[in-house]
Amino acid sequence: MQRTYKTEAYGGRQSRRMNDTSDATATTTAITTTATAAEPVRFDTKIAVLLREDLETWQRLNVTAFLVSGLATQLPEVIGEPYEDADGVGYLPMFRQPVLVFEGTKEMLTTAHARVLSRALPRAVFTSDLFTTGNDRDNRAAVRAVSTGELDLVGLAVYGPRNAVDKVMKGARMHP
C-alpha cells in the first residue's frame, strides 16, 4: 500500500492530507498561498478551548484532549501535514494552528455556550457527568439526558473565524 497526498487550500493556505491507497498517483489541487516561507503565517480561523476554572489539573488536561479530538474528527481543514523526522520516520499530522486555552467561571461557560450556539460554530462540549462514565456510549448518553440549558459544562471547544471565536470567548482569560 502506498501513501498519496492530496493538497488542498484552506483559508488561503496549503494543507497536505495523507491518504493510504494502492494507487500511487498523487492528487494535487492548484492553490495560491498568501504568505511566503519567510513571512509568519496568520490564520483567519481560531481554535479555542474554554475550561471551568475549578477543575483539577488532570481534569483540565483530559477535558482539553477530549474536546479538541472532537474538532479534529469533524473538521479536516484544521489538520496540517504529516510530520517526518530526519531519518524518515513518519508521525501523525496535528492541528495546523495553535489551540488557545482559556478558563472561566461556570457562568462564563454558560454564556460562551449560548454564544457559540447562536453563531452556529463547530463546537464540542464536556459536561461534569462525563467524569463518572467510562466509555464513549455512556458519555453520549450522559449528554443526551440533559437539556441544552441545563448542561453542567466544564469545557467547550470552538473553531471558526477569529472574530467569531473571540466573541464567543469574550470575558474569558487565558489559561495560566
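In this text the structure is predicted, and so the values were computed from the model without any measurement.

Before we go on, may I ask you to explain the sheet that holds strand β10 (residues 173-174) in this structure?
What holds strands together in a sheet is hydrogen bonding between their backbones, with the strands either parallel or antiparallel. Ordered in space as β8-β9-β4-β7-β10, the 5 strands form an open sheet in which the pairing is mixed. The sheet is open, and its two borders are formed by β8 (123-127) and β10, each paired with just one other strand. In terms of strand pairing, strand β4 (residues 45-52) meets strand β7 (residues 99-104) through 6 bridges, oriented parallel. Following the sheet pairing, Leu51 is matched in β7 by Glu103.

How do you make sense of helix α2 (residues 106-118) when you look at a structure like this?
Residue pairs spaced three or four apart in an α-helix point in one direction, given the helix's 3.6 residues per turn. Between its first and last C-alpha atoms α2 spans 19 Å; for 13 residues at 1.5 Å apiece the expected length is 18 Å, and the two agree. Turning to α2, its buried residues are Met108, Leu109, Ala112, His113 and Val116. Relative to the axis of α2, the buried residues are bounded by an arc of 135° and lie together on one face. Exposed residues lying more than 90 degrees from the buried face of α2 are Glu107 and Ser118. Next to the buried residues of α2 lie β4, β7, β8, β9 (153-161) and α4 (162-168). Looking at the residues trailing α2, positive phi occurs at Ala120, about 55°.

Quick question: what am I supposed to make of the environment of Leu117 here?
Note on placement: Leu117 falls in helix α2. Judged by relative accessible area, which is 34%, Leu117 ranks as partly exposed. On a C-alpha basis, the gap between Leu117 and Val168 in space is 9.4 Å, while along the polypeptide they are 51 residues apart.

I'm lost on the side chain of Arg52 in this one. Help?
Structurally, the position occupied by Arg52 is in strand β4. Here Asp152 takes part through its side chain, which lies 2.8 Å from a polar atom of the side chain of Arg52. In contact with Arg52, other than residues within four places in its own chain, are Arg60, Gly104, Thr105, Lys106, Leu109, Asp152, Leu153 and Val154.

Just checking my understanding: could you explain the packing of aromatic side chains for this structure?
What describes a pair of aromatic rings is the distance from one ring centre to the other and the angle between the planes of the rings. In total, this model carries 3 aromatic pairs according to the counting rule given. Seen in terms of ring centroids, Trp58 and Phe131 are 5.7 Å apart; in terms of plane orientation they differ by 70°. Their pairing is edge-to-face. Linking Trp58 in helix α1 (residues 57-74) with Phe131 in the loop between β8 and α3 (136-144), this pair joins segments that are 73 residues apart in sequence. Under the relative-accessibility criterion, Trp58 is labelled exposed at 53%. Here Phe126 and Phe131 contribute two aromatic rings whose centre-to-centre distance is 5.2 Å and whose plane-to-plane angle is 50°, an arrangement assigned as tilted. For Phe126, a relative accessible area of 4% translates into the label buried. Owing to a relative accessible area of 24%, Phe131 belongs among the partly exposed residues under this scheme. Members of the aromatic cluster, joined through ring pairs, are Trp58, Phe66, Phe126 and Phe131.

Thresholds, definitions, all that
Residues numbered from 1 in each chain as written. Predicted model: local features only at pLDDT ≥ 70, side-chain atom pairs only at ≥ 80, totals over all residues. Heavy atoms only, no water. Pairing = 2+ DSSP bridges. Helix = DSSP H or I, 4+ residues; strand = E, 2+ residues; numbered from the N terminus. Expected span 1.5 Å × (residues − 1). Buried < 20%, exposed > 50% of the residue type's maximum accessible area, 1.4 Å probe, protein only. Arc of directions from axis to C-beta. Contact = heavy atoms within 4.5 Å. Polar contact = N/O pair within 3.5 Å; in protein donor to acceptor, adjacent residues only side chain to side chain. Phe/Tyr/Trp six-rings, centres within 6.5 Å; stacked < 30°, edge-to-face > 60°.

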